[in-house]
Amino acid sequence: PKPSYFIPAPIMASRLDLCVYGATGFTGELVCEYILERYPNHFRWGIAGRSPAKLADLLKRLGDRFGDAAIAGITVIEADSFDRPALDAMVAQTNVVISTVGPFLKYGDALVAACAASGTHYVDITGETMFVRHNIDNHNEAAVETGAKIISCCGYDSVPSDLGAMVMVDAMMADGLEPRRVEMVVGSTKGGVSGGTLSTVCNMFDNHKGSLKEMMRPTYLNSTRDREESAVQPRDQKGVIFSERCRKYTAPFFMAAVNTRIVRRSNELRQIRRVAYSESLATGKGWGGYLSALFLVVSTPIFFALMYFKWTRWLLFRFVLPNPGQGPSKEARETGHFTNHFFGEASDGTHYTGLVHANGDPGYKATSMMLTESALCMALQSSQLSKEGGVLTPASGLGVTLLARLRAAGMTLTAERGDTVTAKPVKAKM
């Protein structure tokens, strides 16, 4: 039997500001905790998932931690990922849906379709470019017609890249210069491996092998096949490269295949053309930096090869890797961080330098913050956003509104003229 606080859509007095779908998962619960910590009783919201029992357990845990008064107004909704009528009922009673239910190619299509058809805004934490491509091809037209903003990749994949590149490009344009290239180099990073991300990789290998080659196209997520735009975009880094701007050796960054496609789609939607964008991972200077980069170049393909075959994959999950729904301890989440360095160059050769930094485990604490703030742009500040709907990106759909919210939440995003960064990380404003 369903608990008494389950509220079906027909008797809702008014729409929720947002609903967390997949709230009982590891990241979903972190989103709920973030809302209760930072925005207690600031807006009307709900939690949703397929299991009434798990939702009841979650509500009890939240009540034990934050008090009964804090959870009194939370609406609880039952909806399965493959039950379109239930999803239609859910999205009909909220302005924004936050989804943490992955792999998204497997579980996300019906929810996006429901949001696009109803005009309900949507954000998620997918790192699956094939899912974004699927949404562009299948749901963009409906979302444009209804005004729904469908925005994927609102966590560590790919908000730091997308907003960092936006700040860099906008700084050059504000000085009257034409941006020519932006390079992101991942610096100091501390965080745990996501079981959900690994599950996504497995799903891709098992069910979408035929799309892997197309996914590697530099402008895979762009709306049109512009040969000139493709020509200026670098291919994903494969070997060891010494970054002249960073002055360190770099290795391929394993999320570059996702982030670069999102940034390039953002530039297209923002009508910014011919700006080359690339990403890499800094490993250090001298022989130590070179050998570290070489190790990553060799070991990364081996790891993905082991993930490709089911029997070696089983051994990895059995003895080494976290399973879906598992994540790092609270202490590990609190002590994590990431720092990404941005290097820009205008068409006249003028250099710009930027920094994107956040405290907290990138894939969990920082992601739950970025995801929630993305949703709140549309839930609380829709008047500051364009009325345009469609399958958008964090930069093109939320832009400076999200930038301001992230900075207020303690995230550093800067860009300045020259070869050094003078800005320092900031603390969150409560």
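As the structure is a prediction and not an experimental result, all values here were calculated from the model.

Asker: How should I be thinking about the pattern of salt bridges in this particular structure?
Answerer: Pairs may arise between side chains of opposite charge once their charged atoms sit close together. The full count for this structure, using the stated rule, is 20 salt bridges. For Glu 214, the salt bridge is made with Arg 217, and the minimal N-O distance between the two is 2.8 Å. What makes Glu 214 partly exposed here is its relative accessible area of 31%. Note that Arg 245 is salt-bridged to Asp 419, the shortest N-O span being 3.3 Å. Pair noted here: Arg 245 is in the loop between β8 (241–243) and β9 (248–251) and Asp 419 is in the segment after β14 (412–417), with a separation of 174 residues, a long-range link. A relative accessible area of 51% means that Asp 419 is categorised as exposed. Salt bridges sharing common partners tie together Glu 33, Glu 37 and Arg 65.

Asker: Got a minute to help me understand helix α14 (residues 310–319) in this structure?
Answerer: Residues separated by three or four positions in an α-helix point in the same direction, a consequence of the helix having 3.6 residues per turn. Inspection of α14 places Thr 312, Arg 313, Leu 316 and Phe 317 among the buried residues, and these make up the whole buried set. Burial along α14 is one-sided: seen end-on, the buried residues are contained in an arc of 135 degrees. Within α14, the exposed residues directed more than 90 degrees away from the buried face are Trp 311, Trp 314, Arg 318 and Phe 319. As for α14, its buried residues are in contact with α9 (195–207) and α13 (286–308).

Asker: Help me understand the sheet that holds strand β12 (residues 351–359), please; the structure alone is not making it clear to me.
Answerer: With mixed pairing, the 7 strands of this open sheet are ordered in space as β8-β9-β10-β7-β11-β12-β14. Each edge of the open sheet carries a strand with a single partner, namely β8 and β14. Adjacent strand axes in the sheet meet at a mean angle of 30 degrees when their direction is disregarded. Pairing geometry for β9 and strand β10 (residues 276–284), over 3 bridges, is antiparallel. Across the sheet, residue Tyr 249 finds its bridge partner in β10, namely Gly 284. Against the sheet, helix α8 (residues 159–174) contacts β7 (179–190), β10, β11 (337–346), β12 and β14, and its axis sits at roughly 30 degrees relative to β11.

Asker: Sorry, what's going on with the pairing of β11 here?
Answerer: On any regular strand, side chains alternate: one points to one face of the sheet, the next to the other face. Across the 10 residues that make up β11, a large majority, 9, are buried. Across 9 bridges, β7 lies against β11 in antiparallel orientation. Within β11, the position partnered with Val 186 by the bridge is Asn 340. Of the pairings in the sheet, the one linking β11 to β12 comprises 9 bridges and is antiparallel in character. Its bridge partner lying in β12, Glu 345 is registered against His 351. Where β11 folds back on β12, the antiparallel hairpin that results is connected by 4 residues, among which Gly 349 adopts a positive phi of roughly 95 degrees.

Asker: Sorry, what's going on with the packing of helix α7 (residues 129–146) against helix α12 (residues 256–269) here?
Answerer: Packed helix pairs are specified by the crossing angle of their axes together with the interaxial distance, meaning the distance between the axes. The geometry of α7 relative to α12 is characterised by a closest axis approach of 10 Å and an angle of 35 degrees between their N-to-C directions. Counting all contacts with α7, which are made through Thr 129, Ile 136 and Asn 140, the residues of α12 involved are Ala 257, Val 258, Arg 261 and Arg 265. Of the residues contributing to the contact of α7 with α12, the split by class is 3 nonpolar, 2 polar and 2 charged.

Asker: What should I look at first to understand the sheet that holds strand β2 (residues 45–49) in this one?
Answerer: Strand pairing in a sheet relies on backbone hydrogen bonds, with the paired strands running either antiparallel or parallel. Spatially, 7 strands are ordered β3-β2-β1-β4-β5-β6-β13 in an open sheet, and the strand pairing comes out parallel. The sheet is open, and its two edges are formed by β3 (75–78) and β13 (390–392), each paired on a single side. Within the sheet, the average angular offset between the axes of one strand and its neighbour, ignoring direction, is 20 degrees. Direction of pairing for strand β6 (residues 149–151) relative to β13: parallel, over a ladder of 3 bridges. Bridged to Ile 151 within β13 is Leu 392. Taken strand by strand, helix α6 (residues 109–118) contacts β1 (18–21), β4 (96–99), β5 (121–124) and β6, and its axis lies near 150 degrees from that of β5. Of the strands in this sheet, β1, β4, β5 and β6 touch helix α16 (residues 365–380), which is tilted by about 170 degrees from β5.

Asker: What is the right way to look at the nonpolar core in this model?
Answerer: Grouped burial of nonpolar side chains is what soluble globular proteins tend to show. Core analysis: the largest hydrophobic core is formed by 115 residues, its most contacted members being Leu 18, Trp 45, Ile 47 and Met 90. Excluding residues that lie within four positions of it along the chain, Met 90 makes contacts with Cys 19, Tyr 21, Ala 48, Ile 77, Ala 79 and Leu 111.

Asker: Would you explain the side chain of Arg 38 in this entry?
Answerer: With respect to the helices and strands, the residue Arg 38 is situated in helix α1 (residues 26–38). Only 3.2 Å separates the side chain of Arg 38 from the backbone oxygen of Ala 408, close enough to count as a polar contact.

Asker: Would you take a moment to explain unusual backbone geometry for this structure?
Answerer: Most peptide bonds are trans, and most residues other than glycine sit at a negative phi. For the bond running from Gly 102 to Pro 103, omega is -5 degrees, close enough to zero to count as cis. Relative to the elements of secondary structure, Pro 103 occurs in the loop between β4 and α5 (104–107). With an omega of 10 degrees, the peptide bond running from Asp 157 to Ser 158 counts as cis. The phi dihedral of Arg 247 is positive, around 65 degrees, even though this residue is not glycine.

Asker: Where do I start with the packing of α8 against α12 in this structure?
Answerer: Across the interface, α8 lies against α12 with an axial gap of 9 Å and an inter-helix angle of 40 degrees. Overall, the two elements α8 and α12 adopt an arrangement that is oblique. At the point where α8 passes α12, the crossing takes the right-handed sense. Of the residues in α12, those in contact with Ser 161, Asp 162 and Ala 165 of α8 are Asn 259, Ile 262, Val 263 and Ser 266.

Rules used throughout
Residues numbered from 1 in each chain as written. Predicted model: local features only at pLDDT ≥ 70, side-chain atom pairs only at ≥ 80, totals over all residues. Heavy atoms only, no water. Salt bridge = Lys/Arg side-chain N within 4 Å of Asp/Glu carboxyl O. Buried < 20%, exposed > 50% of the residue type's maximum accessible area, 1.4 Å probe, protein only. Helix = DSSP H or I, 4+ residues; strand = E, 2+ residues; numbered from the N terminus. Arc of directions from axis to C-beta. Contact = heavy atoms within 4.5 Å. Pairing = 2+ DSSP bridges. Axes fitted to C-alpha atoms, helices over the stretch in contact; angles between N-to-C directions. Nonpolar A, V, L, I, M, F, W, Y, C, P; charged D, E, K, R; others polar. Core = buried A, V, L, I, M, F, W, Y, C linked by side-chain atoms within 4.5 Å. Polar contact = N/O pair within 3.5 Å; in protein donor to acceptor, adjacent residues only side chain to side chain. Parallel < 35°, antiparallel > 145°, perpendicular 65-115°, else oblique. Left-handed = near helix turned anticlockwise from the far one by under 90°.

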